[in-house]
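Below, each chain spelled out in residue letters.
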Amino acid sequence: MGTRAAFTQKDHGVSCLAVSNVSRAFGGLRAVDRVSFDIGRGELVGLIGPNGSGKTTLLNILSGHQPAEAGEVRLGDEAIQGLRPERIAARGLQRMFQLTRVFRRMSALDNLMTAGRALGLAQAGALARAGILLEELTLSRVSDLDAGQLSGGQQKLLEFGCCFMSPPKIALLDEPFAAVHPAMKETMARFIRAHHADGQTFLVVSHDMPVIVELCPRTICMNAGAVIADGPTRTVLNERSVIEAYLGGAGAA
Ligand SMILES: Nc1ncnc2c1ncn2[C@@H]1O[C@H](COP(=O)(O)OP(=O)(O)O)[C@@H](O)[C@H]1O
Ligand SMILES: [Mg+2]
């Protein structure tokens, strides 16, 4: 654990995602407040913070689903802020939504094929890739069922697969483990671990601290729109400001 805890962005020379001074307000509320961090290629980073701390809004800005008012987002050596979501996805930033988004009246396989086509894969390549992902995500047996007939957890796994039809430069996952059966949670964690070992870069939002500790060498914590801690996961979880942010949230509720 000791060596892994010291495994931070500095060990990953090449920047994958660089966020500088990104801000977004809703009326008087600063939902995202001058957020800056850099994720190196191949990193697996956790993003935590109490409800309402701005995690989803930040992901929406990164993926182009909401505009930032200020700041810059770079994917590799290219500035992407202000681009439309499809253009950002085509450049290799894929994201999963907190509220699952799949085509409910299309089969699981067709959902993957549609995602593959949107990413420019040819039919044969997409079919081969979909087969591998269905297997890896334990969805082979339900590949012909409409996505709407799958359990909530299976739909999440399917959306997960759609992000990986063409390996993205970075995958942003918004609470993928929330309300998912433990067996499927383990399938997802195994998938993340295996792809991270192959060099895939991830930013994973989760409230599930044991999973974050187990998966993510580095964690960023937000509170009230701002980054309040960023570093080795165990160090971040033990920081006073982080503990207070969570206690404050519970106290105010
Ligand atoms: N479209 C919106 N309009 C107004 N306020 C919003 C909107 N989206 C988010 N917020 C507010 O911004 C803050 C951050 O929300 P969010 O990014 O969803 O936090 P998290 O994902 O960390 O729970 C919250 O106070 C939330 O109520
Ligand atoms: Mg959220």
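Everything numeric in this text was worked out from a predicted model, so none of it was measured.

(A) Geometry of the overall build of the protein. Broken down by element type, the protein carries ten helices and ten strands. A compact globule built from 253 residues should have a C-alpha radius of gyration of about 18 Å, and the protein, at 18 Å, falls within 12% of that. Counting only contacts in the protein whose residues sit at least 6 apart along the sequence, the fraction spanning at least 24 positions is 68%. For the protein, the accessible surface area stands at approximately 11600 Å², while carbon and sulfur atoms represent 54% of it. Distance from the positive charge centre (26 side chains) to the negative charge centre (24 side chains) of the protein: 3 Å.

(B) Fine view of the domain arrangement of the protein. What the domain assignment reports for the protein is domain 1 (1-92 + 169-176 + 196-253) and domain 2 (101-167). Centre-to-centre, using C-alpha coordinates, domain 1 lies 26 Å away from domain 2. Every contact between the two is made by nine residues of domain 1 and, on the other side, six residues of domain 2. Both faces combined, the contact of domain 1 with domain 2 buries some 530 Å², and carbon together with sulfur accounts for 70% of it. Its largest share of buried area at the contact with domain 2, domain 1 owes to L173, P176 and Q200, together 50% of the area lost on that side.

(C) Layout of the pairing of strand β1 (residues 15-26). As judged from the eight bridges shared by β1 and strand β2 (residues 29-40), these two strands associate in the antiparallel manner. Paired with R24 across the bridge in β2 is V32. Turn length for the β1-β2 hairpin, with the two strands adjacent in sequence and antiparallel, is two residues, and the turn residue G27 shows positive phi of about 60 degrees. Note that β1 and strand β4 (residues 70-75) share five bridges and pair antiparallel. Its bridge partner lying in β4, S23 is registered against A70.

(D) Expanded view of the pattern of salt bridges. Under the criterion given, the structure shown has twelve salt bridges. R30 is paired through a salt bridge with D33; the nearest N and O atoms lie 3.0 Å apart. Looking at D33, the relative accessible area reads 14%, which means it is buried. The salt bridge partner of R218 is D230, with a shortest N-O separation of 2.8 Å. Here the residue R218 occupies a position in strand β9 (residues 218-223), and D230 occupies one in strand β10 (residues 226-232), the gap between them amounting to twelve residues. Among the residues examined, D230 registers a relative accessible area of 35% and is labelled partly exposed. Through salt bridges with shared partners, a single ionic network connects R30, D33 and R34.

(E) View of the sheet that holds β4. Taken in spatial order, the four strands make up an open sheet running β2-β1-β4-β5, and their pairing is antiparallel. Either end of the sheet is taken by a strand with one partner, and the two such strands are β2 and β5 (78-79). Packing against the sheet, helix α2 (residues 55-62) makes contact with β1, β2 and β4, and its axis sits at approximately 120 degrees to β1.

(F) Spatial organisation of the site of ligand 1. Around ligand 1 sit F26, L29, A31, P50, N51, G52, S53, G54, K55, T56 and T57, and that is every residue in its neighbourhood. Within the backbone of S53, an N or O atom sits 3.2 Å from an oxygen atom of ligand 1. Protein chains bury 60% of the 560 Å² of accessible surface belonging to ligand 1 in isolation. Of all the secondary-structure elements, those providing two or more residues to the shell around ligand 1 are β2 and α2. In terms of residue count, the dominant contributor to the shell around ligand 1 is α2 (three residues). A class-by-class count of the residues in the shell around ligand 1 yields four nonpolar, six polar and one charged.

(G) Broad picture of the side chain of Q155. Examined against the element boundaries, Q155 turns out to sit in helix α6 (residues 152-163). Once residues within four sequence positions are removed from consideration, Q155 is found in contact with T100, V102, R104, A147, G148 and L150.

Cut-off values and rules
Residues numbered from 1 in each chain as written. Chains lettered and ligands numbered in written order. Predicted model: local features only at pLDDT ≥ 70, side-chain atom pairs only at ≥ 80, totals over all residues. Heavy atoms only, no water. Helix = DSSP H or I, 4+ residues; strand = E, 2+ residues; numbered from the N terminus. Rg over C-alpha atoms; globule rule 2.2 N^0.38 Å. Contact = heavy atoms within 4.5 Å. Areas by Shrake-Rupley, 256 points an atom, 1.4 Å probe, with all protein chains shown as cover. Lys, Arg positive; Asp, Glu negative; His and termini not counted. Charge placed at Lys NZ, Arg CZ, Asp CG, Glu CD. Domains from an automatic or database assignment. Buried area = accessible area lost by both parts, 1.4 Å probe. Pairing = 2+ DSSP bridges. Salt bridge = Lys/Arg side-chain N within 4 Å of Asp/Glu carboxyl O. Buried < 20%, exposed > 50% of the residue type's maximum accessible area, 1.4 Å probe, protein only. Axes fitted to C-alpha atoms, helices over the stretch in contact; angles between N-to-C directions. Near = heavy atom within 4 Å. Polar contact = N/O pair within 3.5 Å; in protein donor to acceptor, adjacent residues only side chain to side chain. Nonpolar A, V, L, I, M, F, W, Y, C, P; charged D, E, K, R; others polar.

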